[in-house]
Amino acid sequence: MAEGNVNMNGYGESSEAQGNEDSVANCKKAFHHDQLIHVSKFSVTHLPPRFRDMAIVSAIYALARLVVMIQVPAEGKPDNEKCSHSVESFEALDADEARKATGRIKYVEMVESIHNQVCSCPECQSRPVEDRETEFSRVVVVTATHNICNVDITKLVCRLNYDDMGDIPVDLYCCSIKTFDVSRDRCELYCDIHDVNLRNDLFENIKSFASLNTSLYEKYRNQENLDLLVIISHPHGLEKRVSVGKLLDVHTSNGWLPNTLYTQYFYGTPTCRGSSGAPVYVLGREKVWTNHPHWGYHLGRGFSAHEWEDVTDNLKRLIKTMAVKK
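Calculation criteria
- Residues numbered from 1 in each chain as written.
- Predicted model: local features only at pLDDT ≥ 70, side-chain atom pairs only at ≥ 80, totals over all residues.
- Heavy atoms only, no water.
- Core = buried A, V, L, I, M, F, W, Y, C linked by side-chain atoms within 4.5 Å.
- Buried < 20%, exposed > 50% of the residue type's maximum accessible area, 1.4 Å probe, protein only.
- Helix = DSSP H or I, 4+ residues; strand = E, 2+ residues; numbered from the N terminus.
- Salt bridge = Lys/Arg side-chain N within 4 Å of Asp/Glu carboxyl O.
- pLDDT = per-residue confidence, 0-100.
- Contact = heavy atoms within 4.5 Å.
- Patch = residues over 30% accessible without salt bridge, like charges linked within 9 Å, V, L, I, M, F, W, Y side chains within 5 Å.
- Areas by Shrake-Rupley, 256 points an atom, 1.4 Å probe, with all protein chains shown as cover.
- Expected span 1.5 Å × (residues − 1).
- Polar contact = N/O pair within 3.5 Å; in protein donor to acceptor, adjacent residues only side chain to side chain.

**Student:** When you look at the nonpolar core in this model, what are you seeing that I'm missing?
**Tutor:** Note on soluble globular proteins: their nonpolar side chains tend to be buried together. The biggest cluster of nonpolar side chains holds 49 residues, and the ones touching the most others in it are Ile56, Ile105, Val139, Val141, Leu156 and Leu283. It is helix H2 (residues 54-64) that provides the largest number of residues to this core, a total of 7 residues. The next biggest cluster of nonpolar side chains, apart from the first, holds 14 residues, and it includes Ile231, Tyr267, Ala278 and Val280.

**Student:** What should I look at first to understand the pattern of salt bridges in this one?
**Tutor:** Side-chain pairing between opposite charges can occur once the charged atoms of the two side chains come close. Evaluated as defined, the whole model comprises 16 salt bridges. In this structure, the salt-bridge partner of Glu188 is Lys106, at a minimum N-O distance of 2.7 Å. Of this pair, Glu188 sits in strand S9 (residues 186-193) while Lys106 sits in strand S5 (residues 99-111), and the two are 82 residues apart along the sequence. Residue class for Glu188 comes out buried when judged on its relative accessible area of 3%. The exposure class assigned to Lys106 is buried, which follows from its relative accessible area of 13%. A salt bridge links Glu123 to Arg127, with the shortest nitrogen-to-oxygen separation between them at 2.6 Å. Residue Glu123 is classed as partly exposed on the basis of its relative accessible area of 44%. For Arg127, a relative accessible area of 22% puts it in the partly exposed group.

**Student:** How should I be thinking about the confidence of the model for the chain in this particular structure?
**Tutor:** Any residue range with low pLDDT should be treated as having predicted coordinates unsuitable for detailed reading. Model confidence for the chain is summarised by a mean pLDDT of 85, while 84% of its residues fall at 70 or above. Here residues 1-8 is a poorly scored stretch, pLDDT under 50, and it has 30 contacts once near neighbours within four places are set aside; other chains count. A low-confidence stretch, residues 84-93 stays under pLDDT 50, and its non-local contacts, those more than four residues away or across chains, total 28 contacts.

**Student:** So what exactly am I meant to see when it comes to a nonpolar patch on the surface here?
**Tutor:** On the surface, Trp256, Leu257 and Trp308 cluster together to form a nonpolar patch covering roughly 310 Å² of accessible area. As for its position among the elements, Leu257 is in the loop between strand S11 (241-254) and strand S12 (260-267). Leu257 gets classed as partly exposed once you look at its relative accessible area, which sits at 39%.

**Student:** Help me understand helix H5 (residues 196-220) in this model?
**Tutor:** The end-to-end C-alpha distance of H5 is 36 Å, a good match for the 36 Å that 25 residues give at a rise of 1.5 Å each. Considered for burial, the residues of H5 that qualify are Leu198, Arg199, Leu202, Ile206, Phe209, Ala210, Asn213, Leu216, Tyr217 and Tyr220. The N-cap residue of H5 is Asp195: its side-chain oxygen and the backbone nitrogen of Asn197 are 2.9 Å apart.

Listed below in structure tokens is the structure:
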């Protein structure tokens, strides 16, 4: 365990194209592509023997339903001043080519007509202002900041259900930024929707994952050596994949509230370009309304963005365990 807000020298993992055969075949990390399991084929046998628990599989599937592929417009590479920590993310990318990344739906905010706002989804944008929906919802999507640097946010598209699991893919269109943190490589995006059925489905999916994770926390909270770490992403802009690996280390710094810490995880879980912003699921963490977004890769290890956590006995034990392993 180390302290401090570490400025990584590795690279982020936005993808230069969606399903580009050359990019996949020539990927420097092609040696572990077979460990990126299509979500529709993921099963309990893909988990390490001591974690082969159908409750964990259910939680992974519930989280997968909240994962989106982010389509980033071709508008150049990030500048040094705004995203200095992530310039290497784009060293191999064409400035004129659209990129792909990953994000995770955090929650859905209801917006009522009393707020004097109107929905900004493409359907409403095509109508006269007086005909736009005044009761709608704002979907909050969490991703890595370096994915969206130097782009027009209103041109970002978050594709939900891009996974061949039976649900029709749905495009969510970004309208604004809720939070933007370069140093911790974490941001939140707003996407407006007025489809009541979609809103209700998202509510249920968020509720389902929270419930499953709470049950897993209670089940595993007192176990030693909880090192299972799962990432669900869209590597190379492909359909959703699940990868499984080990938690290797955790860095900490002071949190923004008393009795909290910012944590950053390091892991051996396979990822590729396109995985940036994907939710990092660590078994045994209590609060996972956001998960840590995947940041990048350096010296054979993946690393997450920084996210705050309550200082629980479980977290203290994890930090102590990581320190002893060193």
